[in-house]
Amino acid sequence: QVQLVESGGGLVQAGGSLRLSCAASGSIFSINAMAWYRQAPGKERELVARMPSGGSTNYADSVKGRFTISRDNAKNTVYLQMNSLKPEDTAVYYCNVRVQSTRGFQYDYWGQGTQVTVSS
């Protein structure tokens, strides 16, 4: 089993910044990718940023140039630096980790979600 603990959400004014963190622990053989998703009220969950191991990072068009995803592999932690926040960034943010087992199977794990609210 793998546990994900998120932190860093909160209330911020438009134009402000927040940094989200997500630490993974448990039975981790290797991590194939770490990502952030978000879900606003009445909307589907959407990908915000994804960082595969050894691959290219990709971002949603709506956050390019404002958000930066990064990883600390030694700590199995993924971060999301969010700058120039807009009211439309308001959502519950979830981290996602794709873990590979010793037998080669891949599993997706999700954090508990952290609320980000941007006031205008």
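Here, every reference points to the structure presented above.
Let me sum up the structure you'll find in this document. Going along each chain's sequence as written, the residues are numbered from 1 onward. Only residues with pLDDT of 70 or above have their local features reported here, since the model is predicted, and side-chain atom pairs are shown and tallied only from 80 upward, although totals for entire chains, interfaces and linings are computed over all residues. Side-chain measures here rest on the full set of heavy atoms in the structure, leaving out hydrogens and waters.

## Let's talk about the nonpolar core
What counts here: Side-chain atoms within 4.5 Å link the members of a nonpolar core, which is a set of buried Ala, Val, Leu, Ile, Met, Phe, Trp, Tyr and Cys residues. Note on exposure labels: buried denotes an accessible area under 20% of the residue type's maximum, exposed denotes more than 50%, and partly exposed covers the range between, all computed with a 1.4 Å probe on protein chains only. Secondary structure elements follow DSSP: runs of H or I no shorter than four residues count as helices, runs of E no shorter than two count as strands, and numbering proceeds from the N terminus.
Grouped together as the largest cluster of nonpolar side chains are 30 residues, with contacts concentrated most on Leu-4, Trp-36, Val-48, Phe-67, Leu-80, Met-82 and Tyr-93. Put simply, the parts of the chain that give this core at least two residues each are strand E1 (2–7), strand E3 (18–26), strand E4 (30–39), strand E5 (46–52), strand E7 (67–72), strand E8 (77–82), strand E9 (91–100) and strand E11 (114–119).

## Observations regarding the packing of aromatic side chains
The cut-off we apply is this: What counts as a ring pair is set by centres within 6.5 Å for rings of Phe, Tyr and Trp (its six-membered ring), and what kind of pair is set by the plane angle: stacked under 30 degrees, edge-to-face over 60, tilted for all other angles. Placement of a charge over a ring requires the Lys NZ or Arg CZ to be within 6 Å of the ring centre, with the centre-to-atom vector within 35 degrees of the ring normal.
Going through the model one piece at a time under the given rule, you end up with one aromatic pair. Against the face of Trp-110 rests Arg-45, its NZ or CZ located 4.7 Å from the ring centre.

## Details of the sheet that holds E1
What counts, and what does not: Two strands make a pair as long as DSSP finds a minimum of two bridges between them. Axis definition: a line fit to C-alpha positions, over the contact stretch in the case of helices; interaxial angles, taken between N-to-C directions, run 0 to 180 degrees.
Judged by pairing direction, the sheet is antiparallel, and its four strands sit side by side in the order E1-E3-E8-E7 without closing on themselves. Across the chains shown, the open sheet's two edge strands, defined by having one partner strand only, are E1 and E7. Between one strand axis and the next, the sheet turns through 15 degrees on average, direction left out of account.

## What about the state of the cysteines?
Spelled out, the test is: Cysteine sulfurs are considered disulfide-paired once they come within 2.5 Å of each other.
With the rule as written, the count across this model stands at one disulfide. At a sulfur-sulfur separation of 2.0 Å, the disulfide partner of Cys-22 is Cys-95. A residue pair is termed long-range when its members are at least 10 positions apart, and Cys-22 in strand E3 and Cys-95 in strand E9 qualify at 73 residues. In this structure, Cys-22 and Cys-95 share a single accessibility class: buried.

## Quick word on the pairing of E1
Of the two faces of E1, only one is covered, namely that formed by Val-2, Leu-4 and Glu-6; the face formed by Gln-3, Val-5 and Ser-7 stays uncovered. Where E1 lies against E3, six bridges are found, and the strand directions are antiparallel. Directly across from Gln-3, in E3, lies its bridge partner Ser-25.

## Comments concerning the pattern of salt bridges
Formally: A carboxyl oxygen of Asp or Glu within 4 Å of a side-chain nitrogen of Lys or Arg is what we treat as a salt bridge.
If you walk through the whole model with that rule in mind, you get five salt bridges. A salt bridge links Arg-38 to Asp-89; the shortest N-O distance between them is 3.0 Å. Placement of Arg-38 in strand E4 and of Asp-89 in the loop between E8 and E9 is noted, with a sequence separation of 51 residues between them. Take Asp-89: its relative accessible area is 1%, and that puts it in the buried class. Measuring nitrogen to oxygen at the nearest pair gives 2.9 Å for the salt bridge that ties Arg-98 to Asp-108. Here Arg-98, found in strand E9, pairs with Asp-108, found in strand E10 (residues 106–110); they are ten residues apart in sequence, far enough to count as distant. A relative accessible area of 31% places Arg-98 in the partly exposed class. A network of salt bridges, in which partner residues are shared, links Arg-38, Glu-46, Arg-66 and Asp-89.

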